[in-house]
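Single-letter residue listing:
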Amino acid sequence: MSAFAGHPSRREARGILPWLAAPALVVFVGFAVVPLIGVFALSFTTWDGIGSIRLTGLTTWRTVLTNPGLPHALWVTFLVMAVSWAVQTPLSILLGTFLAGRQRYRAVLGVVYFIPLMLSSAAIAIAYKALLDPNFGLGAGLNIHALSQDWLGRPGLAFGVVVFVVSWQFIPFHSLIYQGGVQQIPQSLYEAAQLDGAGRIRQFFSITLPQLKYTIITSSTLMVVGSLTFFDLIFVLTEGGPGDATRVLALDMYKRGFQASLMGPASAIAVILVLLGLSLALLLRRLGGRDAGASQLEGV
């Protein structure tokens with residue numbers, strides 16, 4: 001009897017695949033597409049969250065797009081995105097490369113480094129807010145003047161604290177991605193480089209980084225799109241202050257919708273966030289998507 005007896009043919013397998021994907025598609029449509037359509041429709045209305053919904057056409061969009069606070073919120077959002085990416089990416093690559101080693105202590109360190117990602121963003125913000133308090137925080141307790149700054153009361157310092165805390169929480173996740181990418185690099189490449197006399201630094205820049213190209217694109221996509229949704233950490237840590245120094249677009253959406261009871265403008269900002277996320281994801285995918293697909297086809 002053939003070893004493949006009882007196994008479905010390739011044509012039968014292709015017919016089964018859509019049915020296997022159907023439950024995930026139903027969940028995606030029900031919990032992503034339908035709410036998104038509802039938010040888009042709500043952006044053309046006036047609603048305080050309790051009373052009747054009134055259709056206002058493009059009035060809500062004109063109000064949002066002509067509001068002087070929108071360009072500032074966009075600027076802060078992109079600034080947090082760019083600076084956090086510039087901080088997280090090199091550190092994540094270095095940590096991921098280090099943790100890809102086979103030594104047992106590196107596996108233990110990998111577990112320790114992963115702990116910040118398991119904590120609640122709100123809890124992390126509360127802890128850092130207490131530690132950075134100029135009167136009762138870490139600096140005052142240790143009597144270190146350099147740490148006793150008004151970290152959350154000055155625009156530049158508050159922005160730096162936000163970037164630092166965001167990076168501290170999410171570097172472990174991206175390090176895990178790079179660790180998996182480094183472990184997929186053929187060891188023969190490093191052995192050939194050693195025979196040619198290349199040192200570790202030369203191997204890193206000539207082998208590791210080029211081989212991590214698509215891993216960097218994947219990590220950057222998650223990092224950039226994820227930065228558009230930073231809300232709870234910034235809300236608890238600075239509430240968008242001092243002034244509007246850390247008022248990102250997601251926080252602006254919350255304040256308009258749930259504090260000012262302007263659900264129409266808040267929905268319009270939500271649509272803007274979705275469009276920005278899709279545009280950035282497609283842009284980053286275009287940077288390496290075709291080459292990645294070609295390389296995968298060559299490996300089949």
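Before any of the text, the structure's been laid out above.
Throughout what follows, the structure given in this document is the object of discussion. (Residues numbered from 1 in each chain as written. Predicted model: local features only at pLDDT ≥ 70, side-chain atom pairs only at ≥ 80, totals over all residues. Heavy atoms only, no water.)

1. A look at the layout of surface pockets
Turning to step 1, where the next piece is worked out: Taken as a whole, the largest pocket encloses approximately 750 Å³ of empty space.
Turning to step 2, where the next piece is worked out: For the largest pocket, the lining is made up of 19 residues, of which Thr 97, Gly 101, Val 182, Tyr 190 and Arg 200 are closest to its centre.
Turning to step 3, where the next piece is worked out: Looking at the lining of the largest pocket, the elements that each hand over two or more residues are helix 3 (69-99), helix 8 (155-183), helix 9 (187-195) and helix 10 (200-211).
Turning to step 4, where the next piece is worked out: Class assignment of the residues belonging to the lining of the largest pocket gives a composition of eight nonpolar, eight polar and three charged. (1 Å grid on protein atoms, 1.4 Å probe; cavity = no way out; pocket = protein on both sides within 12 Å on 5 of 7 lines; lining within 4 Å. Points joined across faces, edges and corners; volume = space filled by probe spheres on them. Helix = DSSP H or I, 4+ residues; strand = E, 2+ residues; numbered from the N terminus. Nonpolar A, V, L, I, M, F, W, Y, C, P; charged D, E, K, R; others polar.)

2. Thoughts on the packing of aromatic side chains
Turning to step 1, where the next piece is worked out: Applying the stated criterion across every chain, the model contains eleven aromatic pairs.
Turning to step 2, where the next piece is worked out: Ring centres of Phe 40 and Phe 44 lie 5.1 Å apart, and the angle between their planes is 80°; this geometry places the pair in the edge-to-face category.
Turning to step 3, where the next piece is worked out: The exposure class assigned to Phe 40 is partly exposed, which follows from its relative accessible area of 43%.
Turning to step 4, where the next piece is worked out: The interplanar angle of 45° and the centroid separation of 6.3 Å between the aromatic rings of Phe 44 and Trp 61 together place this pair among those described as tilted. Highlighted residues: Phe 44 in the loop between helix 1 (10-42) and strand 1 (45-46) and Trp 61 in helix 2 (residues 59-65), separated in sequence by 17 residues.
Turning to step 5, where the next piece is worked out: Since its relative accessible area comes to 13%, Trp 61 is described here as buried.
Turning to step 6, where the next piece is worked out: Through successive ring pairs, a cluster of aromatic residues spans Phe 231, Phe 235, Tyr 254 and Phe 258. (Phe/Tyr/Trp six-rings, centres within 6.5 Å; stacked < 30°, edge-to-face > 60°. Buried < 20%, exposed > 50% of the residue type's maximum accessible area, 1.4 Å probe, protein only.)

3. Points about unusual backbone geometry
Turning to step 1, where the next piece is worked out: The omega angle of the peptide bond from Gly 241 to Pro 242 is 0°, so this bond is cis rather than trans.
Turning to step 2, where the next piece is worked out: Looking at the element boundaries, Pro 242 is found in the loop between helix 12 (232-237) and helix 13 (249-259).
Turning to step 3, where the next piece is worked out: Within the chain, Glu 239 stands out as a residue other than glycine whose phi angle is a positive 55°.
Turning to step 4, where the next piece is worked out: Mapped onto the secondary structure, Glu 239 falls in the loop between helix 12 and helix 13.

4. Considerations on the packing of helix 3 against helix 11 (residues 213-227)
Turning to step 1, where the next piece is worked out: Running from amino to carboxyl end, helix 3 crosses helix 11 at an angle of 145°, the nearest separation of the two axes being 10 Å. Both helix 3 and helix 11 take part in a crossing whose hand is right-handed. Facing helix 3, whose interface residues are Met 81, Ser 84, Trp 85, Gln 88, Thr 89 and Ile 93, helix 11 presents Ile 216, Ser 220, Met 223, Val 224 and Ser 227.
Turning to step 2, where the next piece is worked out: Looking at side-chain class alone, the contact of helix 3 with helix 11 contains six nonpolar, five polar and no charged residues. (Axes fitted to C-alpha atoms, helices over the stretch in contact; angles between N-to-C directions. Left-handed = near helix turned anticlockwise from the far one by under 90°. Contact = heavy atoms within 4.5 Å.)

5. Some words on the nonpolar core
Turning to step 1, where the next piece is worked out: In terms of nonpolar packing, the biggest core is built from 20 residues, with Val 80, Val 161, Val 165, Leu 233, Ile 234, Leu 237 and Val 248 touching the most fellow members.
Turning to step 2, where the next piece is worked out: Elements supplying a minimum of two residues to this core: helix 3, helix 6 (121-131), helix 8 and helix 12.
Turning to step 3, where the next piece is worked out: If one sorts the elements of this core by residue count, helix 8 sits on top with six residues.
Turning to step 4, where the next piece is worked out: Residues in contact with Val 161, not counting those within four places in the same chain, are Leu 132, Trp 151, Leu 152 and Leu 237.
Turning to step 5, where the next piece is worked out: Counting residues in each nonpolar core, the second largest holds 17 residues, with Val 64, Leu 249, Ile 269 and Leu 280 among its members. (Core = buried A, V, L, I, M, F, W, Y, C linked by side-chain atoms within 4.5 Å.)

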